[in-house]
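Reading the structure
In case you want the letters, here they are:
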Amino acid sequence: MKLLLKNARLLDMVGMFPEIKERDILIDGNKIAEISQVINESADKIIDCNKNIVMPGFVNTHNHLAMSIFRGYKDDKSLMDWLNNAIFPIEDKFIDEDFYWNSYESCLELLQTGTTTCNDMYFGMKNIVKAIEDSKIRSVVSWCITDNSIGSKPEETIEYSEKFNNDKNSKIKVFASFHAPYTCSPDTIKLVVDLAKKANIGIHTHLSETIDEENEIKEKYGKTPTEYLRDLGVFDVPVILAHGIHFSPSDIEILKSIKGGISHNPISNCKLASGICDVVNLRNNGIKVGIGTDGTGSTSTLDMFEEMKTTAFLQKINNMNPEAIKAYDILKMATIEGAEVLGLQDEIGTIEIGKKADIIIIDTSGLRFTPENDIATTLVYSANGSDVLTTIVDGEVLMENRKFLYSDEELVKKKVKENSKRLLK
Ligand SMILES: [Zn+2]
């Protein structure tokens with residue numbers, strides 16, 4: 001199957017500075033085969049990009065897909081109150097349909113707003129993986145373990161990692177996961193580290209999200225959460241560390257040598273008043289930082305444009321310096337640097353020959369793009385997810401002119417409403 005994108009204004013996210021190139025792009029199978037000023041080769045499908053912006057799809061580095069049902073449910077609470085009294089009791093009642101349809105809804109919202117790769121952490125993964133496969137989004141997935149929920153997850157992680165990670169063309173990659181330092185004993189964390197080493201995979205977890213977590217771990221173990229994880233061997237394998245807000249200078253020294261990186265979740269951090277992740281300091285220390293939305297419950301939407309804008313503004317105000325971070329750096333975090341955090345930088349994150357074709361087309365005809373003086377600042381400060389016209393994952397057009405080609409959006413919404421009615425009443 002050959003797909004030809006004509007008349008693109010290409011922002012390939014390769015260079016040090018934003019540069020728009022007028023190009024045609026030929027996709028052969030799941031890969032980018034040719035990028036030239038004019039390509040006249042025949043193709044199975046041709047899309048006229050009409051001089052709209054064509055760029056890599058976003059890499060969303062931290063998700064809980066099945067939490068879409070919690071949109072607007074018991075908002076405006078602190079993290080611990082919200083988790084213990086609003087979220088955990090309902091999650092305990094989830095059945096297969098909840099995992100499947102809630103996750104499917106999140107996948108569609110992600111694709112609709114320009115995310116082509118997500119990174120899920122949850123339980124009940126069998127049905128979540130099915131939703132990911134049916135929606136056709138690219139994803140890293142991990143079975144989240146806490147002290148209370150070890151169950152059969154270690155075996156499932158091994159089974160699924162053997163199935164997906166050994167397949168070069170699989171859109172799904174499997175990581176190991178424990179929930180967080182404050183929900184996992186040293187024994188549970190060691191079990192996950194052993195599992196990751198045995199399966200030769202990385203670990204996805206939450207780290208240093210709140211001051212409460214910091215205090216609790218210091219009180220229990222006499223060390224910071226980062227030191228706690230280091231001493232348990234977590235950083236011996238690649239890691240995706242979600243949030244990363246309350247790091248000490250010595251934590252930063254430890255993190256300089258990790259493989260993987262931090263997933264910054266600015267809207268979740270704002271909504272739960274967890275604090276501000278010092279992205280500028282982390283990046284200045286050579287630590288990779290991607291952007292994530294977290295679950296819908298703590299973010300309300302899964303729109304990476306909103307996360308990019310919030311990332312930029314939080315760093316500017318945190319440093320009291322409008323030059324603290326530039327819009328193009330934010331775009332890099334949302335694409336190629338996010339891919340680096342997930343270990344997928346050789347496959348996705350830029351538009352280059354040989355890379356997987358994960359591409360979005362952004363409609364620049366609207367008022368928000370008029371005039372378009374600077375493409376990077378326009379995308380980060382002016383655009384939003386509804387400007388995404390077309391989403392391509394692995395060479396397949398999944399949404400064209402805002403219509404899903406494989407998924408029944410109305411059915412997914414109906415099912416999630418039914419789940420919500422049954423669970424949240
Ligand atoms: Zn999370």
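Residues numbered from 1 in each chain as written. Predicted model: local features only at pLDDT ≥ 70, side-chain atom pairs only at ≥ 80, totals over all residues.

Some words on helix α15 (residues 375–382)
Along α15, the positions that sit buried rather than exposed are I375, T378, L379 and V380. On the buried face of α15, the contacting elements are β5 (53–56), α12 (304–318) and α13 (327–334). (Buried ≥ 20, exposed ≤ 12 C-beta atoms within 10 Å, placed from the backbone. Helix = DSSP H or I, 4+ residues; strand = E, 2+ residues; numbered from the N terminus. Contact = placed C-beta atoms within 7 Å.)

Quick look at the domain arrangement of the chain
In terms of domain boundaries, the chain breaks down into domain 1 (2–56 + 357–404) and domain 2 (58–342). Centre-to-centre separation of domain 1 and domain 2, based on C-alpha positions: 28 Å. Taken together, the contacts link 23 residues of domain 1 with 25 residues of domain 2. Elements with a contribution of two residues or more to the side of domain 1 that touches domain 2: α15, β15 (388–393) and β16 (396–400). No other element matches α15, which puts five residues into the side of domain 1 that touches domain 2. Taken together, the residues of the side of domain 1 that touches domain 2 break down into 15 nonpolar, five polar and three charged. (Domains from an automatic or database assignment. Nonpolar A, V, L, I, M, F, W, Y, C, P; charged D, E, K, R; others polar.)

Concerning the packing of α13 against α15
The geometry of α13 relative to α15 is characterised by a closest axis approach of 8 Å and an angle of 70 degrees between their N-to-C directions. On the basis of the axis angle, α13 is roughly perpendicular to α15. α13 and α15 meet at a crossing whose hand is left-handed. For the pair formed by α13 and α15, the contact residues are A327, Y328, I330 and L331 on the first element and A376, T377, L379, V380 and Y381 on the second. Of the residues contributing to the contact of α13 with α15, the split by class is eight nonpolar, one polar and no charged. (Axes fitted to C-alpha atoms, helices over the stretch in contact; angles between N-to-C directions. Parallel < 35°, antiparallel > 145°, perpendicular 65-115°, else oblique. Left-handed = near helix turned anticlockwise from the far one by under 90°.)

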